[in-house]
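Results of the structural survey
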Amino acid sequence: SMTRGFQVQVDQMKWDDVGGLEDVKKRLKQAVEWPLRYKNSFQRLGLKPPRGILLYGPPGCSKTTLVKVIASSANVSFLSINGAQLYSPFVGDSEKVVRTTFQKARASAPAIIFLDETEAIVGKRNMGNGGSSGDSVQERVLSSLLNEMDGVESADSVLVVGATNRPDMLDAALMRPGRFDQALYVPPPDEKARLEILKIHTKHIPLDVDVDLPNIAKRTNYYTGADLQNVCREAAMVALRKLNTAANVLPALHAIMIPENAVLIKQGAEA
Ligand code: ATP
């Protein structure tokens, strides 16, 4: 699991675990892997690797997953900061968490610092409270973060990746050059991507012969990746329940699913 500000063991995740998003994947690889792999060329050409990348788009479309995949596939350390934990009354010194995380990232570089729900960490200043108090916790966290991001040298190999559903809520100071240099839109899946996602999440579910994944992909417009994962999970659960009530000793089942909760099962194969 993810612990605030501490390096964590990320599950070994692969690019193939994320369906669709070819363009976003390519751009992330370029931003993270190229500066490491072609370090000398970058220096020779005077190219500065990006310091920060913002991923934005609707929830459940694998922003978090992408960052974990890039960290594990490029074999860089992964540290994470999240707003709910940062502002927990039990944590105390929130700015210190930010500083410590950057220290740890430098010490374990190359590293990615992931800001989950960036808007909850550094939303617009003075929101709701009308005045510029100048020293609300949020403001102090924002200035620590800006300080740290500005202080990161290219040679440090520390990349900050933010994820947000609400780019409009972010403080504009974050978008200045040298901070989030790139903003990548992570779109909801189109039909082709939905099919890939369905295949990924049914990889371990035995499917009946007449399960028509392309058809399900066609009929699941507006489903996010998380929604599709839920459909697959639900189908497997319904199949399990039927198995339990029909006969306790069925050796195996095939789960078949379509989005409208209709699930058929079939006996006779290894589950
Ligand atoms: P949030 O903004 O709610 O945190 P997110 O965009 O960060 O959402 P994730 O948490 O990465 O999304 O994705 C939620 C779940 O949905 C993941 O566990 C993942 O398995 C599944 N999922 C989402 N998109 C995809 C995809 N393109 N391919 C495979 N699985 C996906």
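Going by the structure above, here's the rest.
Residues numbered from 1 in each chain as written. Predicted model: local features only at pLDDT ≥ 70, side-chain atom pairs only at ≥ 80, totals over all residues. Heavy atoms only, no water.

1. A word on the site of the ligand
- The environment of the ligand is made up of 16 residues, and the closest members are G19, G60, K63, T64 and T65.
- The side chain of Q229 places a nitrogen or oxygen atom 3.1 Å from an oxygen atom of the ligand.
- Contact with the protein chains removes 78% of the 630 Å² of surface that the ligand exposes when unbound.
- Secondary-structure elements contributing two or more residues to the shell around the ligand are α3 (63–73), α8 (191–201) and α10 (225–246). (Near = heavy atom within 4 Å. Polar contact = N/O pair within 3.5 Å; in protein donor to acceptor, adjacent residues only side chain to side chain. Areas by Shrake-Rupley, 256 points an atom, 1.4 Å probe, with all protein chains shown as cover. Helix = DSSP H or I, 4+ residues; strand = E, 2+ residues; numbered from the N terminus.)

2. Description of the packing of helix α5 (residues 94–107) against helix α7 (residues 137–151)
- Put simply, α5 and α7 touch, their axes get as near as 8 Å, and they point 20° apart. One element, α5, and the other, α7, form an angle in the roughly parallel class. Between α5 and α7 lies a crossing of right-handed hand. Side by side, α5 and α7 meet where S94, E95, V98, R99, F102 and R106 of the first sit next to V137, R140, V141, S144, L145, E148, M149 and G151 of the second. (Axes fitted to C-alpha atoms, helices over the stretch in contact; angles between N-to-C directions. Parallel < 35°, antiparallel > 145°, perpendicular 65-115°, else oblique. Left-handed = near helix turned anticlockwise from the far one by under 90°. Contact = heavy atoms within 4.5 Å.)

3. Thoughts on the environment of I70
- Within the element layout of this structure, I70 appears in helix α3.
- Classification of I70 by relative accessible area gives buried; the value is 1%.
- Along the chain, I70 and P188 lie 118 residues apart, while their C-alpha atoms are 19 Å from each other.
- Aside from chain neighbours lying at most four places away, what touches I70 is W15, L28, K29, V32, E33 and I112. (Buried < 20%, exposed > 50% of the residue type's maximum accessible area, 1.4 Å probe, protein only.)

4. Notes on unusual backbone geometry
- Put simply, A109 and P110 share a cis peptide bond, and its omega is 0°.
- For P110, the location among the structural elements is in the loop between α5 and β3 (111–116).
- Even without being a glycine, N75 presents a positive backbone phi close to 60°.
- Take N75: it is sitting in the loop between α3 and β2 (77–82).
- One non-glycine residue, E117, lies in positive phi territory at about 50°.
- Tracing the backbone shows E117 in the loop between β3 and α6 (118–121).

5. Here we look at the side chain of T224
- Looking at where T224 falls in the secondary structure, it is placed in the loop between α9 (213–218) and α10.
- Filtering out sequence-adjacent residues up to four positions away, T224 remains in contact with P59, G60, C61 and P189.

6. Thoughts on the packing of helix α1 (residues 22–37) against α3
- With their axes 10 Å apart at the nearest point, α1 and α3 run at an angle of 45° to one another. It follows that α1 is oblique to α3 by the angle criterion. For the pair α1 and α3, the sense of crossing is right-handed. On α3, the residues touching V24, K25, L28, K29, V32 and E33 of α1 are L66, I70 and S73.

7. Section: the side chain of D171
- Its location among the elements puts D171 in the loop between β4 (158–164) and β5 (182–185).
- For D171, a relative accessible area of 6% translates into the label buried.

8. Looking at the pattern of salt bridges
- Inspection of every chain in the model, using the stated rule, returns seven salt bridges.
- The salt bridge involving E33 is made with R37; its shortest N-O contact spans 3.4 Å. Within this pair, E33 and its partner R37 are both found in helix α1, separated by four residues, close to a single helical turn. (Salt bridge = Lys/Arg side-chain N within 4 Å of Asp/Glu carboxyl O.)

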